[in-house]
Amino acid sequence: MSKSRRESPSRAARRAADRSAGKAAPAWRRHGFPMLALWLFALTAYSNSFGTPLIFDSNSAIVQDSRVWSATSENLKALMTQDYWYAEKTNGLYRPLTKISYLLNYSVLGSGPHPASYHWVNFALHAVNILLVYLLGLVLLREFRLAFALAAVWGLHPVLTESVTNVVGRADLLAAFGTLAGLLCHVRAASASGGRRNAWLVALALVAAIGLFSKESTVVLPAVMLIYDVADKRAAPWRARLTGYLAVALPFLTYFYLRSRVLAALYETEAGSFAFVQNPLVGADFWTARLTAVKVIGKYVGLWLWPGRLSCDYSYNQVSLFDWRLDNGEGWLALAAVAGCAAAVAIAVIGYRATRPWVFFFISFFFAALAPTSNLVILIGTVMAERFLYLPSIALAAFLVQAVFHAGDRLTARSPAGRRMPWAVLGVVCAMFAARTYARNLDWRDEPSLWASAVEAAPDSYMTHLGVAFSAMAAVPPKPETVDREVSRSLAILDPLPDDRSIALPYATAGYWYRTRGEMAASGSGGSWYQEALAVLLRARRIDLALSEETRRRNRLRGKTLLYYSPTPGLYLDLGRVYLRLSEPQQAVETLEYGRLLSPEPSFSEELANAYRAAGDDERAAISLHEGLILTPDHRPFVSQLVVLYRKIDLNGCAVVTVGKRVALNRKCPVLQNNECRAARNVMDLYSKTGRRGDADQLRRTATGDWACPASLSP
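Residues numbered from 1 in each chain as written. Predicted model: local features only at pLDDT ≥ 70, side-chain atom pairs only at ≥ 80, totals over all residues. Heavy atoms only, no water.

Draft legend 1. Seen up close, the overall build of the protein chain. Of the regular secondary structure elements, the protein chain holds 31 helices and four strands. A principal-axis box enclosing the C-alpha atoms of the protein chain has dimensions of 110 × 60 × 50 Å. Scored against the burial criterion, the 715 residues of the protein chain give a buried share of 52%. Of the contacts formed within the protein chain by residues at least 6 apart in sequence, a portion of 70% connects residues at least 24 apart. In the structure as shown, the protein chain presents an accessible area of about 31,300 Å², 60% of it carried by carbon and sulfur atoms. (Helix = DSSP H or I, 4+ residues; strand = E, 2+ residues; numbered from the N terminus. Buried < 20%, exposed > 50% of the residue type's maximum accessible area, 1.4 Å probe, protein only. Contact = heavy atoms within 4.5 Å. Areas by Shrake-Rupley, 256 points an atom, 1.4 Å probe, with all protein chains shown as cover.)

Draft legend 2. Quick peek at the confidence of the model for the protein chain. Looking at the protein chain as a whole, its pLDDT mean stands at 90, while 94% of the residues score no less than 70. Here residues 1-9 scores under 50 on pLDDT; set against residues more than four positions off or in separate chains, the count is five contacts. (pLDDT = per-residue confidence, 0-100.)

Draft legend 3. Structural view of the nonpolar core. Residues Phe361, Phe362 and Ile394 are the most contacted members of the largest nonpolar core, which totals 112 residues. The residues contacting Phe362, other than those within four sequence positions of it, are Leu136, Leu140, Leu141, Leu150, Ile394, Ala395, Ala398 and Phe399. With 87 residues, the next largest nonpolar core counts Trp444, Leu450, Ile493 and Leu645 among its residues. (Core = buried A, V, L, I, M, F, W, Y, C linked by side-chain atoms within 4.5 Å.)

Draft legend 4. Structural view of the packing of helix H28 (residues 618-631) against helix H30 (residues 670-689). Two elements in contact, H28 and H30, have axes whose closest approach is 8 Å; the angle formed by their N-to-C orientations is 60 degrees. Judged on the interaxial angle alone, H30 and H28 are oblique. For the crossing formed where H28 meets H30, the hand is right-handed. Of the residues in H30, those touching H28 at Glu619, Arg620, Ala622, Ile623, His626, Glu627, Ile630 and Leu631 are Leu672, Asn674, Asn675, Glu676, Arg678, Ala679, Ala680, Asn682, Val683, Leu686 and Tyr687. Of the residues assigned to the contact of H28 with H30, the class counts are ten nonpolar, four polar and five charged. (Axes fitted to C-alpha atoms, helices over the stretch in contact; angles between N-to-C directions. Parallel < 35°, antiparallel > 145°, perpendicular 65-115°, else oblique. Left-handed = near helix turned anticlockwise from the far one by under 90°. Nonpolar A, V, L, I, M, F, W, Y, C, P; charged D, E, K, R; others polar.)

Draft legend 5. Up close: the environment of Thr288. Looking at the secondary structure, you find Thr288 in helix H15 (residues 286-305). Judged by relative accessible area, which is 7%, Thr288 ranks as buried. Linking Thr288 and Asn75, residues 213 residues apart in sequence, is a C-alpha distance of 44 Å. Those residues in contact with Thr288 that sit more than four places away from it in its chain are Leu321, Phe322 and Trp324.

Draft legend 6. Main features of empty space enclosed by the protein. On inspection of all chains with the given rule, the structure shows two cavities of 30 Å³ or more. What the largest cavity holds in volume is close to 140 Å³. What lines the largest cavity is a set of 15 residues, among which Asp172, Ser217, Ala369, Phe388 and Leu391 lie closest to the centre. Grouping the amino acids of the lining of the largest cavity by side-chain chemistry returns nine nonpolar, three polar and three charged. Taken as a whole, the second largest cavity holds about 40 Å³ of empty space. What lines the second largest cavity is simply Thr52, Pro53, Leu54, Ile55, Ser58, His119, Thr165, Asn166, Val167 and Trp444. The class makeup of the residues in the lining of the second largest cavity is five nonpolar, five polar and no charged. (1 Å grid on protein atoms, 1.4 Å probe; cavity = no way out; pocket = protein on both sides within 12 Å on 5 of 7 lines; lining within 4 Å. Points joined across faces, edges and corners; volume = space filled by probe spheres on them.)

Draft legend 7. Molecular detail of the pattern of salt bridges. Scanning the model with the defined rule gives 36 salt bridges in all. Here Arg309 ties to Glu456 by a salt bridge, and the two come within 3.8 Å at their closest N and O atoms. Of this pair, Arg309 sits in the loop between H15 and helix H16 (329-353) while Glu456 sits in helix H20 (residues 447-457), and the two are 147 residues apart along the sequence. Among the ionic pairs, Asp499 bridges to Arg539, the shortest N-O distance being 2.7 Å. Residue Asp499 is found in the loop between helix H22 (480-494) and helix H23 (505-520), and its partner Arg539 is found in helix H24 (residues 527-557); the two are separated by 40 residues along the sequence. With relative accessibility at 23%, the residue Asp499 sits in the partly exposed group. Within this structure, Asp495, Asp499, Arg539 and Arg542 form a network of salt bridges that share partners. (Salt bridge = Lys/Arg side-chain N within 4 Å of Asp/Glu carboxyl O.)

Draft legend 8. Fine view of the packing of helix H17 (residues 357-370) against helix H18 (residues 393-414). Two elements in contact, H17 and H18, have axes whose closest approach is 8 Å; the angle formed by their N-to-C orientations is 145 degrees. Listed contacts from H18 to Trp358, Val359, Phe362, Ile363, Phe365 and Phe366 of H17 are Ile394, Ala395, Leu396, Ala398, Phe399 and Gln402. Residues that form the contact of H17 with H18 fall into these classes: eleven nonpolar, one polar and no charged.

Draft legend 9. Inspection of the side chain of Asn279 at higher detail. With respect to the element layout, Asn279 can be found in the loop between helix H14 (272-278) and H15. Reaching out from Asn279, the side chain makes a polar contact with the side chain of Asn375 at a distance of 2.8 Å. Here Asn279 is in contact with Asn375, Leu379, Ile380, Gly381, Thr382 and Val383, once residues within four sequence places are set aside. (Polar contact = N/O pair within 3.5 Å; in protein donor to acceptor, adjacent residues only side chain to side chain.)

Draft legend 10. Representation of the packing of aromatic side chains. For the structure on display, the rule yields 29 aromatic pairs. Both rings, one in Phe213 and one in Tyr255, keep their centres 5.2 Å apart while their planes meet at 85 degrees; by these two values the pair is edge-to-face. A residue pair is termed long-range when its members are at least 10 positions apart, and Phe213 in the loop between helix H11 (194-212) and helix H12 (221-231) and Tyr255 in helix H13 (residues 238-264) qualify at 42 residues. We note that Phe213, like Tyr255, is buried. Every member of this aromatic cluster is reached through a ring pair, and the members are Tyr94, Phe213, Phe252, Tyr255 and Phe256. The lysine or arginine in question, Arg95, covers the ring of Tyr84, its NZ or CZ lying 5.4 Å from the ring centre. Its end group placed over the ring of Tyr84, Lys99 keeps NZ or CZ at 5.0 Å from the ring centre. (Phe/Tyr/Trp six-rings, centres within 6.5 Å; stacked < 30°, edge-to-face > 60°. Lys NZ or Arg CZ within 6 Å of the ring centre and 35° of its normal.)

Draft legend 11. Examining unusual backbone geometry more closely. Omega for the bond connecting Tyr316 with Asn317 falls within 30 degrees of zero, at 10 degrees, which places this linkage in the cis form. Examined against the element boundaries, Asn317 turns out to sit in the loop between H15 and H16. Although it is not a glycine, Phe56 adopts a positive phi angle of roughly 60 degrees. Assignment of secondary structure puts Phe56 in the loop between helix H3 (27-45) and helix H4 (57-63). Since its relative accessible area comes to 17%, Phe56 is described here as buried. In this model, Ala708 sits at a positive phi of 60 degrees, which is unusual for a non-glycine residue. Examined against the element boundaries, Ala708 turns out to sit in the segment after helix H31 (693-705).

Draft legend 12. Up close: the pairing of strand E4 (residues 662-665). Across four bridges, the pairing between strand E3 (residues 656-659) and E4 is antiparallel. Across the sheet, the residue bridging to Val659 is Arg662, located in E4. The antiparallel pairing of E3 with E4 creates a hairpin that spans two residues between the two strands, and Gly660 there sits at a positive phi of about 65 degrees. (Pairing = 2+ DSSP bridges.)

Below, the structure is given as structure tokens:
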């Protein structure tokens, strides 16, 4: 059947009108004015996001990462050769261009931690992507009205706020830019010739590199290019299109080579036990995991169709594993999602055979764009996240727009008034989406509002309750009732898990809070709080040790030796303090010594001194403070504490002297000198245990050369 016979008369006439209008009006006017109006509409929807602070993951990615604070060659090298999140350890993310964009905001633009410029850059990237979606609509749908409506519905949808309003969503924006722009460059290169074709191929390679070095999900670009080439039978011959695949080969090979070199040199710290509470699929069998992943796809579609409740977190146990007994609604939802995906594949095949390229393309595009984060191909660190919908939701918007305009065309055949119906319906939809986007931005205005919305939308996630508890702790004044309630709910979700599948952070947080409650209690009435703190901190320690062992095992398999590791070393500080409150100084010493191996923070040395003083060993307390001064020389409070101790240890001795009006330590005094040398030996031992042989050797030279310690000094 010919194309003219397949099309309705109204649509054929509309195409002819579009072509004649195109000849009459310049391209910048025909496309520029509508896009400008759409950008202004989107700007209105996001207008309340520009003052949103750098919270959630943005805080750790920008405010707490010194690599983005100044534009130096050392920082640029670090960003290109280190993990996305941390300088020394890795969870497998290599996104240097995203981090460099934060550096440009922080240093080059002079924004520092002030949020406005970060949000403007994010919105500008989103605006560019709206334009790219519009151009993609023109290529595939071939009508202005469909392309414009597609860009509007997609660009205003509230599920995109996690990528646009949350600053760390910039990785998704850049990856989408690389994928969309790369596809459009491939389309243009295939139909061009000579120098213009070469220019499009260079542009294709460039945008592919931008996307890949910003987020690894740009890996779908070749698949999207292939989907388009298969879908559009009117495209150029395959020989002309092959050069596009060759153009993306260089940036792809470069990226994966550099990524493998960078990550191979770093420790792996996201062990399976930690990943389980973020993605329970890692602990399930193959089919249970995949059926649950398909169920999540169904949840994504439902969330896009009705974005009434949105959450920044879907941790354990918000998305329950598929249960073959089908004794709850979640099991049937999974089967419904499987049926829906199968139906979509069938429709794609039918669309391909019926020469409807857009049907085949957008269904295939949805699954391809979602594949890297769907947990169908590989298991990742998160079971579900709204930011994963940024690119795939283009397909959902395309089908909504087509359905509305198809209904309008059928109505127009009966009544001319039906021509206005699609615009009215989609206008209402866009207005509702924009209003919901505006409202969702308000959730991102601070941590309390973000977590309050999250716990409402994802009440079965341990992390949403913990987030509310964190916010209530940080409030001025704190909200004890809220913290008690939300900490208990978070732990209740995690308690059934075995130690090797749980996570220490919520228990460590509960221990800190219960200890604080004990210290706030009236004199002599804090004992019950300390006992509660002890119980949860001991559980945290068991979980942490299980995680540490699993992490070391995984690193050994990669040929790496990670001697000591803990994602929550602070739990040992709190546990040591609780032991002190419960008059168990020896237990406190053992706990604090181990904690200091993990993190040589001044607080560990200070609490060790307190533990030894509680045990009646003032000399060992002084040595602990000397150790703290060696580990953190700038921590001056240690000096005043040593003065107090030596006045007790060395009565009428030489350890403490008065210089003018200032009291000082006399490093030439034999008592002090002996303790300082013992402290140096202990710190050298700490360095040796943690693999810092160079620091141990440097300390030995300093101790024997400057402090007159024995030449035989050794750990």
